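Below, each chain spelled out in residue letters.
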Amino acid sequence: MFFTPYFEEELFVKYNAVLFDLDGTLLDTLADLADSMNAVLRALNYPVHAIDAYRYFIGDGIENLVRRALPESARDEESVARGKAAMDGEYNQRWNAKSRPYAGVPDLLDELAHRQVPMAILSNKPEPFTLLAVNELLSPWTFAPVRGARPDTPRKPDPAAALAVAAELGVAPAGCLYLGDTDTDMKTAVRAGMCALGATWGFRSGEELLRTGAQKLLDEPLELLDLL
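Because the structure is predicted, anything quoted here is derived from the model rather than measured.

**Some thoughts on empty space enclosed by the protein**
- This model, assessed by the stated rule, comprises two cavities of 30 Å³ or more.
- Quantified by volume, the largest cavity comes out at close to 170 Å³.
- Asp23, Ile58, Gly59, Asn124 and Lys125 are the residues nearest the centre of the largest cavity, which is lined by 17 residues in total.
- At the level of secondary structure, the elements contributing two or more residues to the lining of the largest cavity comprise α3 (62–69), β4 (119–126) and α8 (183–192).
- Counting residues per element, the lining of the largest cavity draws most heavily on β4, which supplies three residues.
- In the lining of the largest cavity, the residues fall into four nonpolar, six polar and seven charged.

Next up, the structure:
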């Protein structure tokens, strides 16, 4: 496993909490998001995208997903707003059709709960969808808080929400492990002063995660336990 020099200096830091991204980190939601957006595109008579293309559309909120999926000629604000409204409706119908926790995630969460390690979730998915997904697909475990995108808080990679989560947990940012799967997550963790961990089972490559601030890559969820 590759370690950056910075991380080697931090090996003996005591971490007291874990902050998780949701899509691409705890839950494999790619197919439901892709199916929903492709339904919108078909209804608008626009070309659809292969599922793997959505790995790079996702991560910065639904509005940006819609903007990236629309043809370049249809990315004006009115078209994006109309597409987002349609996407909200489509996703509401099928958000849980195929989405499930990644292999190894339930085992990790079980062990963290057993060790009484505080866990929280921070997503750029709209907060109602975030809460719905956590309540249905991750109900055996306690996350406090669970935060999605809110109108009054900048989205990741702005660190404001991550810092608010740390404050609610009562843990200094430097005492938080932040596990995510996109460049947005790595930038958020770095800006918040948290330990940035890259989930290679998610939507983006390990190379991208390292380039944007990952201090360690995890190939399996249970590898996180080695840092506690």
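**What about the packing of helix α2 (residues 30–43) against helix α4 (residues 77–94)?**
- It is the contact of α2 with α4, at a shortest axis distance of 8 Å, that shows an interaxial angle of 130°. By the criterion of interaxial angle, the relationship of α2 to α4 is oblique. You can see that α2 and α4 cross each other, and the crossing is right-handed. Seen from α2, the contacting residues are Asp32, Leu33, Asp35, Ser36, Met37, Ala39 and Val40; seen from α4, they are Gly83, Ala86, Met87, Glu90, Tyr91 and Arg94.

**What to know about the pairing of strand β1 (residues 17–20)**
- Going residue by residue along β1, you find Ala17 and Leu19 tucked away on one face and Val18 and Phe20 tucked away on the opposite face as well.
- Direction of pairing for β1 relative to strand β6 (residues 176–180): parallel, over a ladder of four bridges. Residue pairing in the sheet places Val18 in a bridge with Leu177 of β6.
- In this sheet, β4 lies alongside β1 in parallel orientation, the contact comprising three bridges. The residue bridging Phe20 from the neighbouring strand is Ile121, located in β4.

**Regarding the nonpolar core**
- Membership of the largest hydrophobic core comes to 51 residues, with the highest contact counts inside it found for Phe20, Leu26, Tyr54, Leu138 and Phe143.
- At six residues, the largest contribution of residues to this core is made by α2.
- Aside from chain neighbours lying at most four places away, what touches Tyr54 is Leu30, Ala34, Met37, Asn38, Leu41, His49, Leu65 and Ala69.
- By size, the runner-up hydrophobic cluster in this structure holds 20 residues, among which are Leu19, Met186, Ala196 and Ala214.

**Here we look at the packing of aromatic side chains**
- Taken as a whole, this structure holds three aromatic pairs when the rule is applied.
- Seen from their ring centres, Tyr54 and Phe57 are 5.1 Å apart, and the 80° between their planes marks the pair as edge-to-face. Phe57 shares its class with Tyr54; the two are buried.
- Taken together, a centroid distance of 5.0 Å and an interplanar angle of 65° make the contact between Tyr91 and Phe129 edge-to-face. Of the two residues, Tyr91 is situated in helix α4 and Phe129 in helix α6 (residues 127–137); the sequence distance between them amounts to 38 residues. For the pair Tyr91 and Phe129, one class covers both residues: buried.

**Digging into α6**
- Listed in full, the buried residues belonging to α6 are Glu127, Phe129, Thr130, Ala133, Val134 and Leu137. Down the axis of α6, the smallest arc covering the buried residues is 160°, so these residues share one side. Summarising the geometry of α6, the exposed residues directed more than 90 degrees from the buried face are Pro128 and Asn135.
- Summarising the contacts, the buried residues of α6 are in contact with β2 (27–28), α4, β3 (100–101), β4 and β5 (146–149).

**With respect to the state of the cysteines**
- Overall, the coordinates contain zero disulfides when judged by the stated rule.
- Cysteine Cys195 shares no disulfide, and the gap to the nearest cysteine sulfur, in Cys176, comes to 10 Å.
- Taking relative accessible area as the criterion, Cys195 reaches 3% and is therefore assigned buried.

Procedures and definitions
- Residues numbered from 1 in each chain as written.
- Predicted model: local features only at pLDDT ≥ 70, side-chain atom pairs only at ≥ 80, totals over all residues.
- Heavy atoms only, no water.
- 1 Å grid on protein atoms, 1.4 Å probe; cavity = no way out; pocket = protein on both sides within 12 Å on 5 of 7 lines; lining within 4 Å.
- Points joined across faces, edges and corners; volume = space filled by probe spheres on them.
- Helix = DSSP H or I, 4+ residues; strand = E, 2+ residues; numbered from the N terminus.
- Nonpolar A, V, L, I, M, F, W, Y, C, P; charged D, E, K, R; others polar.
- Axes fitted to C-alpha atoms, helices over the stretch in contact; angles between N-to-C directions.
- Parallel < 35°, antiparallel > 145°, perpendicular 65-115°, else oblique.
- Left-handed = near helix turned anticlockwise from the far one by under 90°.
- Contact = heavy atoms within 4.5 Å.
- Buried < 20%, exposed > 50% of the residue type's maximum accessible area, 1.4 Å probe, protein only.
- Pairing = 2+ DSSP bridges.
- Core = buried A, V, L, I, M, F, W, Y, C linked by side-chain atoms within 4.5 Å.
- Phe/Tyr/Trp six-rings, centres within 6.5 Å; stacked < 30°, edge-to-face > 60°.
- Arc of directions from axis to C-beta.
- Disulfide = S-S within 2.5 Å.

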